[in-house]
Amino acid sequence: GEWNVIDAFTIAFSGVFQESEVLGIPAGDVNESFNGNMVQRTPDTQVRLINTFHSPVGDFFLTAHYLSKRFADLGNTVELDAYHTLDLGWRYQVNDAITVQIKGSNLNDAVGLTEGNPRAGFVEGDDGVGGFFYARPINGRAFQATFQYDF
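My aim in this report is to walk through the structure given alongside it, one point at a time. Just so we're clear, the structure is a prediction, and the values are computed from it rather than from any experiment.

## Some words on the overall build of the protein
- Looking only at helices and strands, one finds zero helices and 11 strands in the protein.
- With respect to the principal axes defined by its C-alpha atoms, the protein has extents near 65 × 35 × 30 Å.
- Out of the 151 residues in the protein, the part that is buried amounts to 28%.
- Here the analysis covers contacts within the protein between residues at least 6 apart in sequence; of these, 55% occur between residues at least 24 apart.
- Approximately 9800 Å² of the protein is accessible, and the part contributed by carbon and sulfur atoms is 57%.
- The protein carries 9 positive and 19 negative side-chain charges, and their two centres are separated by 6 Å.

Here it is in structure tokens:
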């Protein structure tokens, strides 16, 4: 959704609130024990809030993103911790063809994993070398400047 609080200020938001659960694996099936587990790589809560201040010198925005804990595998043996990030930026449309943007991402330098190993089986488990496993990390703090020319 989006709410124009006043002409110069907008709040945009999106989110998912759910309780994902594996159900329906028949009794006697080798995977029956997964009934009641969280669905793999699916958080129960994911929220994004974008505050934008519109001014004659461009749009200034602050984005907050939260992702709750989830599991890398269907067996719920590898938990991926919750994390939140903060982004801040400025965007200015010089004319119909030229736009300039400066953005800082993950300014709080959060550490997080977006998902576990997508090629793993139903249970990731301990690999025998200290509990290490494959996962995809979020990017650390980063800054970016872009110049866009539309023709």
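## Quick notes on the pairing of strand 8 (residues 98-105)
- Bridge count for strand 7 (residues 83-93) against strand 8 is six bridges, and the pairing is antiparallel. By the bridge assignment for strand 8, Leu 88 is matched with Gly 104.
- The antiparallel hairpin formed by strand 7 and strand 8 contains four residues in its connecting segment.
- Relative to strand 11 (residues 142-149), strand 8 runs antiparallel, the two being bridged by eight bridges. By the bridge assignment, Gln 101 is partnered in strand 11 with Thr 146.

## Quick notes on the environment of Leu 67
- By the secondary structure assignment, Leu 67 is in strand 4 (residues 58-67).
- Put simply, Leu 67 and Pro 43 are 24 residues apart on the chain and 6.7 Å apart in space, counted from C-alpha to C-alpha.
- When neighbours within four sequence positions are excluded, Leu 67 is seen to be in contact with Pro 43, Thr 45, Gln 46, Ala 82 and Tyr 83.

## A short note on the sheet that holds strand 2 (residues 9-17)
- Taken in spatial order, the seven strands line up as 1-2-3-4-7-8-11 in an open sheet, and their pairing is antiparallel. If you trace the sheet from one side to the other, it starts and ends with strand 1 (2-6) and strand 11, each paired once. Here the average twist between neighbouring strands, direction ignored, is 15°.

## What about the pattern of salt bridges?
- This structure, assessed with the given rule, holds one salt bridge.
- Linking Glu 79 and Lys 69 is a salt bridge whose minimum nitrogen-to-oxygen distance equals 4.0 Å. Taken together, the residues span a long stretch of sequence, with Glu 79 in strand 6 (residues 79-80) and Lys 69 in the loop between strand 4 and strand 5 (70-71) at a distance of 10 residues.

## Focus: the environment of Tyr 149
- Tracing the backbone shows Tyr 149 in strand 11.
- Taking the C-alpha atoms as reference, Tyr 149 lies 33 Å from His 84; in sequence the two are 65 residues apart.

Calculation criteria
- Residues numbered from 1 in each chain as written.
- Predicted model: local features only at pLDDT ≥ 70, side-chain atom pairs only at ≥ 80, totals over all residues.
- Heavy atoms only, no water.
- Helix = DSSP H or I, 4+ residues; strand = E, 2+ residues; numbered from the N terminus.
- Buried < 20%, exposed > 50% of the residue type's maximum accessible area, 1.4 Å probe, protein only.
- Contact = heavy atoms within 4.5 Å.
- Areas by Shrake-Rupley, 256 points an atom, 1.4 Å probe, with all protein chains shown as cover.
- Lys, Arg positive; Asp, Glu negative; His and termini not counted.
- Charge placed at Lys NZ, Arg CZ, Asp CG, Glu CD.
- Pairing = 2+ DSSP bridges.
- Axes fitted to C-alpha atoms, helices over the stretch in contact; angles between N-to-C directions.
- Salt bridge = Lys/Arg side-chain N within 4 Å of Asp/Glu carboxyl O.

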